[in-house]
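# Architecture and fold: a report
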Amino acid sequence: MGKAKFVGIGIGVFFLMLVIMGGLLYYSYTQINVELDTVSFHSIDLVNITFSTLVNLGLQAISGDWLGAAINLVDGVNLNLFFGLTNNGLVPVYIPDLSYDLLVNDVNVGAGYTTVDATIYPGDDKEILIVQNFQKSGLSPVISSIISNDGVMQITVKGTAYFGILGFNIPVSFESVQQISIKDEIENKINSLS
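To start, this report covers the structure provided alongside it. Predicted model, so just to flag it, every value in this text is computed and none were measured.

### Details of the sheet that holds strand β5 (residues 125–135)
The strands making up a sheet associate through hydrogen bonds between their backbones, and the pairing can be parallel or antiparallel. Taken in spatial order, the three strands make up an open sheet running β1-β2-β5, and their pairing is antiparallel. Sheet topology places β1 (32–46) and β5 at the edges, where each strand pairs with a single neighbour. Strand-to-strand twist across the sheet, computed as the mean angle between neighbouring axes with direction ignored, equals 20°.

### Side note on the nonpolar core
Core analysis: the largest hydrophobic core is formed by 36 residues, its most contacted members being Phe83 and Ile155. The set of elements that each furnish at least two residues to this core consists of β1, β2 (74–87), β3 (93–104), β4 (107–120), β5, α5 (143–148), β6 (152–165) and β7 (168–181). With sequence-adjacent residues up to four places away left out, Phe83 is seen in contact with Val34, Glu35, Leu36, Asp37, Leu98, Tyr100, Lys126, Glu127, Ile128, Ile130, Val157 and Phe174.

### What to know about the environment of Lys136
Tracing the sequence through the fold places Lys136 in helix α4 (residues 136–139). With relative accessibility at 22%, the residue Lys136 sits in the partly exposed group. Note: C-alpha distance between Lys136 and Asn72 (64 residues apart in sequence) is 9.0 Å.

### Notes on the environment of Asn87
Inspection of the secondary structure puts Asn87 in strand β2. The spatial distance from the C-alpha of Asn87 to the C-alpha of Asp125 is 6.5 Å, given a sequence separation of 38 residues. Excluding its chain neighbours within four sequence positions, the residues that come into contact with Asn87 are Gln31, Pro92, Val93, Ile120, Tyr121, Pro122, Gly123 and Asp124. Looking at Asn87, its side chain comes within polar contact range of the main-chain oxygen of Ile120, at 3.0 Å.

### Section: unusual backbone geometry
The phi dihedral of Asn105 falls on the positive side, at around 50°, and the residue is not glycine. On the basis of relative accessibility, which here comes to 14%, the residue Asn105 falls in the buried class. A positive phi is found at Asp106, a non-glycine position, where the angle reads about 70°. Assignment of secondary structure puts Asp106 in the loop between β3 and β4.

### Overview of a nonpolar patch on the surface
The grouping of Phe6, Val7, Ile11, Phe14, Phe15 and Leu18 at the surface amounts to a nonpolar patch, some 640 Å² of accessible area in total. Residue placement: Phe6 occurs in helix α1 (residues 2–30).

Rules used throughout
Every chain is numbered on its own, with residues counted from 1 as its sequence reads. Selection of residues for local features in this predicted model requires a pLDDT of at least 70, selection of side-chain atom pairs for listing and counting requires 80 or more, and totals for whole chains, interfaces and linings are taken over all residues. Only hydrogens and water are set aside; all other atoms, that is, all heavy atoms of the structure, feed into the side-chain values. Paired strands, as defined in this entry, are two strands with at least two bridges between them according to DSSP. The helix count covers DSSP runs of H or I at least four residues long, the strand count covers runs of E at least two residues long, and both are numbered beginning at the N terminus. As a rule, the C-alpha atoms of each element are fitted with a line to give its axis, helices using only the stretch in contact, and angles between N-to-C directions run from 0 to 180 degrees. Buried Ala, Val, Leu, Ile, Met, Phe, Trp, Tyr and Cys residues form a nonpolar core when they are joined through side-chain atoms within 4.5 Å. Exposed residues in this analysis have more than 50% of their type's maximum accessible area, buried residues have under 20%, and partly exposed residues fall in between, with area computed by a 1.4 Å probe over protein chains only. Any two residues whose heavy atoms approach within 4.5 Å are treated as being in contact. Think of a polar contact as two N or O atoms within 3.5 Å of one another; within protein, one of them needs to be a possible hydrogen donor and the other a possible acceptor, and neighboring residues in sequence only count if both atoms come from side chains. Patches were defined on residues exceeding 30% relative accessible area and lacking a salt bridge, with like-charge contacts within 9 Å and nonpolar side-chain contacts (Val, Leu, Ile, Met, Phe, Trp, Tyr) within 5 Å. Exposure was quantified through the Shrake-Rupley algorithm and a 1.4 Å probe, taking into account, for residues, occlusion by the shown protein chains and nothing else. Salt bridges, as used here, are contacts in which a Lys or Arg side-chain nitrogen is within 4 Å of a carboxyl oxygen on Asp or Glu.

The structure is reproduced here in structure tokens:
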């Protein structure tokens, strides 16, 4: 009877350890946070200036549509997306990659993906920089809303970060919103060219 009791205690301790490990994993999973901390201007890609471009710009400027004229000079906008990754859990977390959808003024303009390949230890934060290019052709569905919002782009990032905890890949969904005034950035770019 003593041996059966010893085996029973061993099995009980084993299951208790499994429950504790499962609890630690669950707690660590709930303490992982991903968010878009900051959006900042990186650069503007300008169109090649031709005679017809200058004529169109002049006509728009005469009509008082300065913002429309400025947007016609832009071929693409490059923004810095700073993602903050936080581990407030109890176990180290490995992050292989991050994928996301981008919305500008609530219109989907594309998707992004980056390889993170980093381990975040308990209590640590990491910041990841992604330079995201928005081509004018991809922004065409939202150009009118950018103009009507006086050049403000509300950038929403919805995505999934995959965290590796003790050999398990666990998806963590996130969503963040930031705003940037493309009007101010275009004016700064034009002033820097002068």
